[in-house]
Amino acid sequence: MSTPEISLETPRLLLVDDDEIFRAVLARALERRGFQVQAADSPAQALPLARQYPPRYAVVDLRLGDESGLGLIEALHALNPHTRIVMLTGYASIATAVEAIKLGAVHYLTKPADPEEIITALGRTSGDADIPLAANPPSVDRLEWEHIQKVLNQHQGNISATARALKMHRRTLQRKLAKRPVRE
């Protein structure tokens, strides 16, 4: 993909997602809304782009193949601590949401998220005390997913170490991780 000229008036946005179709559709939608989008499918592809074209904004997928987008938050902030980053994921968990915010993301959204939702999240400067509370407690399946994510995060994404900590066979854990989280 060729890189168009970047205007100083157009805000630069780095989009990092390994889903090629989703990345292309979202990039076009964000460009139509006034952003100069640089798209990448991995941290290895994203960091050189960020060095060459420092982004004001970034939208980073949590799962980038076998890698975590969480590490990219730190790397982008090392290049520019003022970059506003939104973590986007189809594998949401409390543990990864907390870590994303601790690492410096301004918001954490679950897929599917539309461009307006993403733009709103990029611009938010405070939390929302009026967010509605869940009417019911989470299901047992959801609690299991959250616990697995917490332990996985404690072991820096190492599947074998997480399986040992959970006293679970590694292949069983991999099957559970391959499933989408339980929606409430």
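Higher on the page you've got the structure.
Just so you know, these numbers come straight off a predicted model, no measurement behind them. (Residues numbered from 1 in each chain as written. Predicted model: local features only at pLDDT ≥ 70, side-chain atom pairs only at ≥ 80, totals over all residues. Heavy atoms only, no water.)

Quick look at the side chain of aspartate 61
Counted only if it meets this: Numbering of helices and strands starts at the N terminus; helices are DSSP runs of H or I of at least 4 residues and strands are runs of E of at least 2. Exposed residues in this analysis have more than 50% of their type's maximum accessible area, buried residues have under 20%, and partly exposed residues fall in between, with area computed by a 1.4 Å probe over protein chains only. Here a polar contact is recorded for every N or O atom pair within 3.5 Å, except that within protein the pair must consist of a potential hydrogen donor and a potential acceptor, and residues adjacent in sequence are included only if both atoms are side-chain atoms.
Along the polypeptide, aspartate 61 turns up in strand 3 (residues 57-61). Taking relative accessible area as the criterion, aspartate 61 reaches 4% and is therefore assigned buried. Of note is the side chain of aspartate 61, whose polar atom sits 3.4 Å from the side chain of lysine 111.

With respect to the pattern of salt bridges
Rules: A carboxyl oxygen of Asp or Glu within 4 Å of a side-chain nitrogen of Lys or Arg is what we treat as a salt bridge.
Counted under the stated rule, the structure contains five salt bridges. Close ionic contact of glutamate 99 with lysine 102 constitutes a salt bridge, the shortest N to O distance being 3.8 Å. Note that glutamate 99 and lysine 102 are positioned in helix 4 (residues 94-103) at a spacing of three residues, about one turn of the helix. You can call lysine 102 exposed: its relative accessible area is 63%. With its nearest N and O atoms 2.8 Å apart, the salt bridge here joins glutamate 144 to lysine 176. Of the two residues, glutamate 144 is situated in helix 6 (residues 140-154) and lysine 176 in helix 8 (residues 170-178); the sequence distance between them amounts to 32 residues. Taking the relative accessible area as the measure of exposure, glutamate 144 reaches 34% and is therefore partly exposed. A network of salt bridges, in which partner residues are shared, links Asp17, Asp61 and Lys111.

A closer look at the pairing of strand 3
Regular strands place side chains that alternate from one sheet face to the opposite one. Put simply, the rule reads: A pair of strands is treated as paired once DSSP finds two or more bridges between them.
Counted residue by residue, strand 3 has five buried out of five residues, so it is predominantly covered. Along strand 3, one buried face is formed by Tyr57, Val59 and Asp61 and the opposite face, lined by Ala58 and Val60, is buried too. Taken together, the four bridges between strand 1 (residues 12-16) and strand 3 define a ladder with parallel strand orientation. Paired with valine 16 across the strands is valine 60, a residue of strand 3.

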